[in-house]
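One-letter residues, chain by chain:
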2 protein chains.
Amino acid sequence: MNTTTTKKTKTDGLTHELSRLIGKENVLHLLEDRICYSYDGSKQKYLPDVVVRPQSAQHVSGILRFAYEQEIPVYPRGAGSGLTGGAVPVKGGIVLDFTQMNHIVEISPEDLTATVEPGVITQTLQNEVAKHKLFYPPDPASAPFSTIGGNVAECSGGITGLKYGVTRDYILALEVVLANGSIIHTGRKTLKSVTGYDLTRLFVGSEGTMGVFTQITVKLLPLPEKIETLLAFFATTQDAVQSASQIIFNNLLPRAMEFIDKSSINCVKGYKQEIQIPAEVNALLLIDVDGRESSVKAEASLIEKIVRENNALTIASAKSSKERNTLWEVRRAISPALYNIAPYKINEDICVPRSRILEILDRIASIHKQYPSLKVASFGHIGDGNIHVNVMYDNGEQQRALAERMIEEILRNTVEVGGTVSGEHGIGNVKSAFLSLEIPPMELGIMKDIKQLFDPKGILNPGKIF
Amino acid sequence: MNTTTTKKTKTDGLTHELSRLIGKENVLHLLEDRICYSYDGSKQKYLPDVVVRPQSAQHVSGILRFAYEQEIPVYPRGAGSGLTGGAVPVKGGIVLDFTQMNHIVEISPEDLTATVEPGVITQTLQNEVAKHKLFYPPDPASAPFSTIGGNVAECSGGITGLKYGVTRDYILALEVVLANGSIIHTGRKTLKSVTGYDLTRLFVGSEGTMGVFTQITVKLLPLPEKIETLLAFFATTQDAVQSASQIIFNNLLPRAMEFIDKSSINCVKGYKQEIQIPAEVNALLLIDVDGRESSVKAEASLIEKIVRENNALTIASAKSSKERNTLWEVRRAISPALYNIAPYKINEDICVPRSRILEILDRIASIHKQYPSLKVASFGHIGDGNIHVNVMYDNGEQQRALAERMIEEILRNTVEVGGTVSGEHGIGNVKSAFLSLEIPPMELGIMKDIKQLFDPKGILNPGKIF
């Protein structure tokens, strides 16, 4: 069957207009192409009417001017790896695929900055700046495939948050295309600037609902000379959490400090036979220390001492990159391994003040008792209180409903202990129902007013956040 | 003469109403009191109608609700040490003096956070957290007397910017009273949170024009174990600037890296006889290195090597706190010493990408040639490209006009090399005429729309920024 028909569809009309604007080679209209852009990491599926692949800010500006006039929804998309539905075109319209705007415009070792297009893969940026002995610290688990544009839109976090902060802390300047197609520039390529309101950081984490990034200037640090990894085995969660607290009390800020609970350990054991974890181990801490060689050595041995004092059963340490990879294998295996327990999962990313971690884990355990048919595994960035709570469930509407009810209880409890419903994944459409658990009506009203100011016709990523 | 008269003044009316709201002990109406609140660090003078000293967010809320209904200008004020007129009541009305809301609400070593009222002196916070071996890094020169509230309003920088960033990077959550008296809460006491728009950082640096802070939660770091100071003497500016660049190229991030030019050196020599600087010295670099003891030692000796390779004439180093103070004396003496050259000065705080520092210093020297009757001294935070350019002039309208013309040329050139007209002092009313040199009309329009959203009646610090 031929894919073109005589009846003129919405897709045909948009394809014609957009091809005129940015060239037909940059417009995808076939159903098989559009299907590829209908989903993202949240596993939802909404078919866009058309997909465009802009090559420049001018392209983006032209597309948005057109979409604004015609009031067509526009969905910016990087790698589509987001977990809260940030990139799914829930109202159809145009998907703006940024993967071809993937050039590193400049790396400036003297200024400790890099300027990139939004489609650059985060790990590509990390690797390229490393060639200059420079360091782009934000390190979401998706770094090997997610884009900087998506990271800025979601204010991505990752494993280095405790010591190095999150994406927000590294964004100096942005080129942004507004809803009506205007191109603006915010911020400066300087470490300090206080001229007027901080539009740059207002755009960071706005999830594509206020404007579309076409160029991003990031702050870099010198590349740490050395990284050392420690993997500590504990008989109880309490010992692991207490160790993490004591490390911080002792004036240490590890580059990474990952907690892995018993359910996650069990999953990993079943998934990878070569990962050897003794039966009496019920919690793990995986710790990276970085810096100058001499201080890494001092800090690693201090951490080892603290962890031992807090009843660690064993401690494995790794200095070479190969050995470090082996220790990290256990952490990396968790996400795929979880599907060994049950075919479906909801992955939350609550974040609580560090002093409340044990309390929230206890509360989650209590909540779990009311949902015996569900499985729960928790792991994540204990250093910054950011725990990925995974609720796993079997096929069926009833199981899904139970899981959602349990998630809501967990989020409610998170807010009660002073935490946030999303540490690093954003709201998208997946979590928008839970936003009001945390954000009171007046604050939410202000956010909506700001949205209205930037996007009066509601064409930018509609259906997200609010 | 009695200060009360039978004619009811604006002050009388406000005093009556505000005393009813927050108690007469918290309202100052006498002329001699109001004069104390008529100026700030910018040396302008505008008399407020009344001064209130709130003790709580509820007080602030009540005052603002009243001011909103009556459309009376409200001027929030910390220590009044700002250099761009942020606290001067240019349209009269109410000054909100926050110096009595100066309580440290909580220091949480486990969470690495502190929660404070806005009137806490920055150095008080630094000292109090240091007792817990914690570190609040932003360190403006005004830290011994400026308040955290003022620091947040201006997004203060200081000497630690290169390594540790600025105030913005340490603000986690805010309690804010809006123009109409509503109390809102933004952010979370967690290192990560991406729920909705980042209102917290939108308020940081908004100079009291969008809302008034009543509680501030800051992020803390572990206190560095050790600080070492180096003072390097150079025959040329080029050698000093080149040294600073080479230090960063060599993967080092000093806690502080201050540049002092020849004019500033000459001032200091005349001001303090005990500071001995050889005649052939035309530039200084003052460098602090901090961290773990072993790495400080390694970094300080690396820096010494780099500085020597870049033709340093001599290098003094200091390890004890007393010795460090002696070396820093030369930096601290500059500001008061400048008045030895001429009775008036305009102190700018331009910030350029580090790679353009030599270029901007050259341009300033060229501009200076056209204004031979003025004196110029430059010093500041070379590590982050933030240079305090001081234009000194004699009494008289003509001299003042010349100085202002020269400043405008310097700011224009700063923007041309990719810099910002204010690295850390803010805009206030002193620099508002220069804002459009840097911020294009569309971006400025967005900022004004946001101002309008938060302050529809224009009662919050009117006459500032725009």
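One structure accompanies this document, and this report is about it.

### Section: the sheet that holds strand β10 (residues 212-219) of chain B
Residues and elements named next belong to chain B. Strand order in this open sheet of five strands is β5-β6-β10-β8-β9, and the pairing throughout is antiparallel. Unpaired on one side and paired on the other, β5 (104-108) and β9 (183-187) mark the two borders of the sheet. For this sheet, the mean angle separating the axes of adjacent strands, direction not counted, is 10°. Both strand β8 (residues 171-177) and β9 contribute to a ladder of five bridges, which runs antiparallel.

### Some thoughts on the packing of helix α8 (residues 237-249) of chain B against helix α10 (residues 293-309) of chain B
Relative orientation and spacing of two packed helices are given, respectively, by the angle between their axes and the distance between those axes. Residues and elements named next belong to chain B. It is the contact of α8 with α10, at a shortest axis distance of 9 Å, that shows an interaxial angle of 140°. For the element pair α8 / α10, the angle class is oblique. Helix-helix and strand crossings are classified by hand; for α8 and α10 the assignment is right-handed. Where α8 abuts α10, its residues S243, Q246 and I247 lie against I303, I306 and V307. Tallied by class, the residues present in the contact of α8 with α10 amount to four nonpolar, two polar and no charged.

### Details of the environment of S42 of chain B
Residue and element names in this part refer to chain B. Tracing the backbone through its elements, the reader meets S42 in the loop between α2 (31-36) and β2 (50-52). Judged by its relative accessible area of 18%, S42 falls in the buried class. Through-space distance from the C-alpha of S42 to that of V88 is 8.5 Å; in sequence the pair is 46 residues apart. One polar contact links S42 to Q44, side chain to side chain, over a distance of 2.7 Å.

### Some words on the sheet that holds strand β17 (residues 375-381) of chain A
Residues and elements named next belong to chain A. Pairing is antiparallel across the open sheet formed by seven strands, whose spatial order is β15-β12-β14-β13-β17-β18-β16. The open sheet terminates on both sides in strands that have one partner only, identified here as β15 (314-318) and β16 (344-351). Neighbour to neighbour, the strand axes of the sheet diverge by 15° on average, direction disregarded. Where strand β12 (residues 226-234) and β15 come together, five bridges link them in antiparallel fashion. When the bridges of β15 are listed, F233 appears paired with T314. Sheet strands in contact with helix α9 (residues 262-271) are β13 (256-261), β14 (283-291) and β17, and its direction is about 80° off that of β13. Against the sheet, helix α13 (residues 397-416) touches β16, β17 and β18 (386-393), its axis set at about 5° to β16.

### A few points about the relation of the copies chain A and chain B
The transformation that overlays chain A on chain B combines an axial shift of 0.0 Å with a rotation of 180°, and the residual RMSD is 0.0 Å. Accordingly, the operation relating the two chain copies is best matched by a two-fold axis. Looking at the interface residues of chain A, 99% of them are also at the interface in chain B, so both copies use one shared face.

Cut-offs and rules
Residues numbered from 1 in each chain as written. Chains lettered and ligands numbered in written order. Predicted model: local features only at pLDDT ≥ 70, side-chain atom pairs only at ≥ 80, totals over all residues. Heavy atoms only, no water. Pairing = 2+ DSSP bridges. Helix = DSSP H or I, 4+ residues; strand = E, 2+ residues; numbered from the N terminus. Axes fitted to C-alpha atoms, helices over the stretch in contact; angles between N-to-C directions. Parallel < 35°, antiparallel > 145°, perpendicular 65-115°, else oblique. Left-handed = near helix turned anticlockwise from the far one by under 90°. Contact = heavy atoms within 4.5 Å. Nonpolar A, V, L, I, M, F, W, Y, C, P; charged D, E, K, R; others polar. Buried < 20%, exposed > 50% of the residue type's maximum accessible area, 1.4 Å probe, protein only. Polar contact = N/O pair within 3.5 Å; in protein donor to acceptor, adjacent residues only side chain to side chain. Least-squares fit on C-alpha atoms with pLDDT ≥ 70 in both.

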